[in-house]
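Close look at the chain arrangement
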Amino acid sequence: MKVTLERNHLLKSLSHVHRVVERRNTYPILANVLFKATGDTVELRATDLDIEVTESVPAMVSTAGTTTVPAHTLYEIVRKLSDGAEVRLETDGSEQMLLTSGRSRFHLQCLSPDSFPDLKSGSFSHEFSLPAASLRELIERTQFAISNEETRYYLNGIYLHTIDVSGSGLVLRAVATDGHRMARAETEAPKGAKGMTGIIVPKKTVSEVQKLLDGADGDVAVEVSDTKIRFSLGGVVLLSKLIEGTFPDYDRVTPKNNDKSMSVDRAAFATAVDRVSTIASERGGKAVKLSAKDGQLELSVTNPDHGTASEELAVEFDTDGFEIGFNARYLLDIVGQIRSDNAIFLFNDAGSPTLVREDGEAKALYVLMPMRV
């Protein structure tokens with residue numbers, strides 16, 4: 001194999017593919033990126049056996065060929081080369097790749113591409129496209145609520161499905177929960193998504209897709225089967241296994257009778273929660289108490305080791321003498337997703353889940369479990 005590439009093009013592709021490669025691998029081949037040079041392109045591919053990322057880079061291919069080299073080492077080398085430099089990659093059948101750029105020369109150990117795994121995609125039951133901005137919003141509004149608890153593996157991702165909503169028609173909905181909070185967001189269902197079985201997209205896949213969508217325009221092609229999902233954006237293709245399991249019935253735990261409504265300035269509320277929670281203890285669950293009376297909301301924290309803190313805000317609340325406690329970090333995560341000037345809280349009682357949404361017609365909804373304070 002003998003190819004010449006532009007450093008910036010190669011670096012961009014390596015930045016996409018090398019991220020899925022784990023630093024520690026049981027199988028040495030999984031630490032490598034596959035290079036396949038044909039025609040006027042070089043295809044780069046990396047996998048961790050759950051996710052596979054492929055991207056093609058324009059290149060001058062003098063001699064076609066295939067090999068694999070250490071992904072993270074190659075990425076660091078290319079990253080440190082001069083901007084706009086020319087990069088030459090060459091193998092001669094030996095177990096090394098020669099990389100030259102300007103006066104720099106590197107010899108990298110290669111492994112045979114014959115043992116490089118192929119994450120077979122199989123056939124897909126549903127194919128559709130949606131704007132990158134819409135998919136990015138679905139992820140941004142829900143990914144923070146994904147559970148990290150491995151024993152409940154079916155919560156370690158985003159539940160993606162279509163549902164017919166009264167007044168909105170068919171929507172593509174994303175849901176994530178860790179048992180303490182739930183995030184739900186939706187967008188108009190794209191053509192081809194109707195009848196799609198609910199799937200759970202793993203957290204690592206969600207993170208990689210989010211990075212690919214950063215600053216991206218245009219549409220993302222999505223293909224779904226019972227076991228895999230494939231995203232195609234520009235020249236990047238990300239194929240991932242899905243989490244096998246049953247996502248809980250989130251509608252059953254979504255409050256339906258929360259009739260106590262509070263409207264509060266989102267920015268002022270977030271700042272106040274952040275301030276008073278400074279002295280909150282992790283041992284106490286970072287608890288902050290909300291107390292409403294006479295159009296004022298008092299936020300307070302008590303820490304036996306460090307003291308107390310309180311702050312008042314003006315609110316619109318149709319109930320007096322109401323108290324409830326929340327984990328401050330969870331509260332800030334949710335309020336941080338509100339896009340309107342005011343955040344709307346819908347309460348039932350101090351021991352029941354609270355609904356949080358934007359002012360006006362919103363495409364996102366949040367549920368937060370209270371704490372005893």
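Look up: the structure comes first, before these words.
In this report, the structure presented in the accompanying data block is examined. (Residues numbered from 1 in each chain as written. Predicted model: local features only at pLDDT ≥ 70, side-chain atom pairs only at ≥ 80, totals over all residues. Heavy atoms only, no water.)

1. Comments concerning the sheet that holds strand S14 (residues 199-202)
One open sheet holds the nine strands; their spatial order is S14-S11-S12-S13-S26-S25-S24-S18-S22, and the pairing between them is antiparallel. With partners counted over all chains shown, the strands left at the sheet margins are S14 and strand S22 (316-317), one partner each. Pairing analysis gives five bridges linking strand S13 (residues 181-188) to strand S26 (residues 364-368), with the strands arranged antiparallel. Bridge pairing in S26 links Ala-183 to Tyr-366. Along the sheet, helix H5 (residues 266-276) makes contact with strand S18 (260-265) and strand S24 (342-347), crossing S18 at roughly 85°. Relative to S26, helix H6 (residues 328-335) is tilted by about 170°, and along the sheet it contacts S13, S24, strand S25 (354-358) and S26. (Pairing = 2+ DSSP bridges. Helix = DSSP H or I, 4+ residues; strand = E, 2+ residues; numbered from the N terminus. Contact = heavy atoms within 4.5 Å. Axes fitted to C-alpha atoms, helices over the stretch in contact; angles between N-to-C directions.)

2. Quick look at the packing of aromatic side chains
The final tally for this structure, using the stated rule, is nine aromatic pairs. Arranged with centres 6.0 Å apart and planes meeting at 15°, the rings of Phe-345 and Phe-347 form a pair that is stacked. The structure contains a cluster of three or more aromatic residues connected by ring pairs, namely Phe-269, Phe-317, Phe-322, Phe-345 and Phe-347. (Phe/Tyr/Trp six-rings, centres within 6.5 Å; stacked < 30°, edge-to-face > 60°.)

3. Topic: the pattern of salt bridges
By the definition in use, this model includes 23 salt bridges. Linking Lys-204 and Asp-48 is a salt bridge whose minimum nitrogen-to-oxygen distance equals 2.8 Å. You can see Lys-204 sitting in helix H4 (residues 203-213) and its partner Asp-48 sitting in the loop between strand S3 (41-47) and strand S4 (51-58), a full 156 residues away along the chain. In this structure, Glu-311 engages Arg-275 in a salt bridge whose closest nitrogen and oxygen atoms are separated by 2.8 Å. Separated by 36 residues along the polypeptide, Glu-311 in strand S21 (residues 307-314) and Arg-275 in helix H5 bring together distant segments of the chain. Since its relative accessible area comes to 48%, Arg-275 is described here as partly exposed. Beyond isolated ion pairs, a larger network of salt bridges with shared partners links Arg-45, Glu-52, Asp-118 and Lys-120. (Salt bridge = Lys/Arg side-chain N within 4 Å of Asp/Glu carboxyl O. Buried < 20%, exposed > 50% of the residue type's maximum accessible area, 1.4 Å probe, protein only.)

4. Things to note about the nonpolar core
Membership of the largest hydrophobic core comes to 99 residues, with the highest contact counts inside it found for Phe-35, Phe-269 and Phe-345. The contacts of Phe-345, once residues within four sequence positions are left out, are Lys-260, Ser-261, Met-262, Val-264, Phe-269, Leu-331, Val-335, Thr-354, Leu-355 and Val-356. (Core = buried A, V, L, I, M, F, W, Y, C linked by side-chain atoms within 4.5 Å.)

5. So, helix H1 (residues 7-17)
Side chains three or four residues apart in an α-helix point the same way, a direct result of the helix having 3.6 residues per turn. Among the eleven residues that make up H1, eight are buried, leaving the element largely enclosed by the rest of the structure. Among the residues making up H1, those that are buried are Arg-7, Leu-10, Leu-11, Ser-13, Leu-14, Ser-15, His-16 and Val-17.

6. Comments concerning the pairing of S24
Within S24, five of the six residues are buried, leaving the element largely enclosed by the surrounding structure. Sheet analysis places S18 next to S24, joined by six bridges and oriented antiparallel. Bridge pairing in S24 places Ser-263 opposite Ile-344. Counted along the chain from S24 to the antiparallel partner S25, the turn is six residues long.

7. Considerations on the environment of Ala-37
Mapped onto the elements of the fold, Ala-37 is located in strand S2 (residues 32-38). For the pair formed by Ala-37 and Pro-248, sequence separation is 211 residues and the distance between their alpha carbons is 46 Å.

8. A closer look at the side chain of Glu-208
Looking at the element boundaries, Glu-208 is found in helix H4. What makes Glu-208 buried here is its relative accessible area of 4%. Those residues in contact with Glu-208 that sit more than four places away from it in its chain are His-16, Arg-19, Val-20 and Leu-238.

9. Considering the packing of H5 against H6
Running from N to C, H5 and H6 point in directions that differ by 160°, and their axes come no closer than 10 Å. As far as their axial angle goes, H6 and H5 are roughly antiparallel. Relative to H6, H5 is oriented so that their crossing is left-handed. For the pair H5 and H6, the contacting residues are Arg-266, Phe-269, Ala-270, Val-273 and Asp-274 in the first and Ala-328, Leu-331, Leu-332 and Val-335 in the second. (Parallel < 35°, antiparallel > 145°, perpendicular 65-115°, else oblique. Left-handed = near helix turned anticlockwise from the far one by under 90°.)

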